[in-house]
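# Examination of the molecular architecture
Residue-level listing of the chains:
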Amino acid sequence: MNIEEIIEKVANGQIKLHQVEKYTNGDKKLATEIRRKALEKKFGISLKHVGHYSIDPNEVIGKNIENMIGVVQIPMGVAGPLKINGEYAKGEFYIPLATTEGALVASVNRGCSALTAAGGVKTTIINDKMTRAPLLKCPDARRAREVAEWVKENIDYLQEVAVSKVTRHGKLKDVKPFIVGNNLYLRFEFETGDAMGMNMVTIASEEIMKVIEEKFPDVRYLALSGNLCVDKKPNAINFILGRGKTVIAEAVIPREIVEKKLKTTPELIAEVNYRKNLVGSAQAGSYGFNAHFANIVGAIFLATGQDEAQITEGAHGITLAEVTPEGDLYISITMPSLEIGTVGGGTRVPPQREALSIMGVAGGGEPAGTNAKKFAEIVAGAVLAGELSLLAAIAAKHLAKAHKELGR
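Our subject in this report is the structure included herewith. Model, not experiment: these values are computed from the prediction.

## A look at the pairing of strand E3 (residues 121–132)
- In terms of strand pairing, strand E1 (residues 76–85) meets E3 through two bridges, oriented parallel. Bridging across to E3, Asn85 finds its partner in Lys122.
- Of the pairings in the sheet, the one linking E3 to strand E8 (residues 244–253) comprises seven bridges and is antiparallel in character. Residue Asn127 lies in a different strand from E8, and its bridge partner there is Thr246.
- Pairing between E3 and strand E6 (residues 183–191): three bridges, direction antiparallel. For Thr131, the partnering residue across the bridge sits in E6 and is Glu189.

## Comments concerning the packing of aromatic side chains
- Scanning the entire structure with this criterion turns up five aromatic pairs.
- Here the aromatic rings of Trp150 and Tyr157 are separated by 6.3 Å at their centres, their planes lie at 80 degrees, and the arrangement is edge-to-face.
- Looking at Trp150, the relative accessible area reads 14%, which means it is buried.
- Here Tyr157 falls in the partly exposed class, since its relative accessible area comes to 39%.
- These aromatic residues form a ring-pair network of at least three members: Trp150, Tyr157 and Phe216.
- Positioned above the aromatic ring of Phe43, the side-chain terminus of Lys42 is 5.9 Å from the ring centre.

## Observations concerning the environment of Ile203
- Examined against the element boundaries, Ile203 turns out to sit in helix H7 (residues 198–215).
- Exposure remark for Ile203: the relative accessible area of 45% places this residue in the partly exposed category.
- Distance from Ile203 to Thr167, taken between C-alpha atoms, is 8.5 Å for residues 36 residues apart in sequence.

## Looking at the environment of Leu97
- Inspection of the secondary structure puts Leu97 in strand E2 (residues 90–98).
- Relative accessible area serves as the criterion here: at 0%, Leu97 is assigned to the buried category.
- Expressed as a C-alpha distance, the spacing of Leu97 and Ala355, which sit 258 residues apart in the sequence, is 8.8 Å.
- Not counting residues within four places of it along the chain, the set of residues in contact with Leu97 comprises Pro75, Met76, Gly77, Ala79, Val105, Val108, Ile296, Ala299, Ile300 and Ala303.

The rules behind these values
- Residues numbered from 1 in each chain as written.
- Predicted model: local features only at pLDDT ≥ 70, side-chain atom pairs only at ≥ 80, totals over all residues.
- Heavy atoms only, no water.
- Pairing = 2+ DSSP bridges.
- Helix = DSSP H or I, 4+ residues; strand = E, 2+ residues; numbered from the N terminus.
- Phe/Tyr/Trp six-rings, centres within 6.5 Å; stacked < 30°, edge-to-face > 60°.
- Buried < 20%, exposed > 50% of the residue type's maximum accessible area, 1.4 Å probe, protein only.
- Lys NZ or Arg CZ within 6 Å of the ring centre and 35° of its normal.
- Contact = heavy atoms within 4.5 Å.

Structure, rendered in structure tokens:
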């Protein structure tokens, strides 16, 4: 068949979308073009912008995407410089933000300016772990307790006989068991180096399940995820125990900078934060006691090839603001569940890798894990900049004006 015949058969359903590569001798770029043209033909539309891209389909199909027809392009801006005084991120950084929301980049940029003028952001990583929680069905609760106790006592053994078989980078650090009736949920905690690590811990957890089933023949492994991980869903356990990087960013901003750059006062910012982010969020039953973590996390995730669904947990967190005894503004953000990586997944797609390179975190760190931690500190600093700027805009009653000018 020639190309036009293949397009016709895809358009009328004789050839399924996922079968096109069979008719192109494995040429994934040509298969992408055929699928796109088949849709144009079927629906009488033009997909010329979807078909305009620099990514090589041969590199991403089968790794990052299936049934590829092209790309969706999102405008990307940059905010900064932002001075960060971290344990891994040290110096001034520019933050890439992919978004279609007018005023977002400008707002984060204003926060970066104020924080940098104040001497920078102090960042601290409290915890670093990726979790997976398989579900086991036991004869009864007592047997579930016995299995849980055995697993807790044999972390090193499970690392040796199961985890090390399937990954060189993942390390089983701990397990937190939960028992509900005869159901045993084992919330495993892993170190994953510079990878976000979801695939890594999933494969490792399955190997552990094989060992447990062999050790306890009366116990049945039912689900690789029992939803106590918790992945890509609003939840309390990650808010409390953390998942991915748990990171805090904080700064003290002198009163004169608050008044000059942010056009308000430390007292007003602290009061707005208390009444909006704390009281208002509590009344709403929100897991995010903050103004807009998700805005900044989402824009960075899209720019850098992170798992966009994990913006859900990235939006968890608390913003605090108070006036110091000297009359300056102390502000901090706490992010319990920042699930990010600098290798694997979408980070290998060229535009996203370039965005990571802007921050100097593309690829693996030396030693392993340091690039992902550096990235986490930069993200936290950017989130703090976004929170500061939005709180100041609300306090100064400039929010609507900014959106009229930049975001209509």
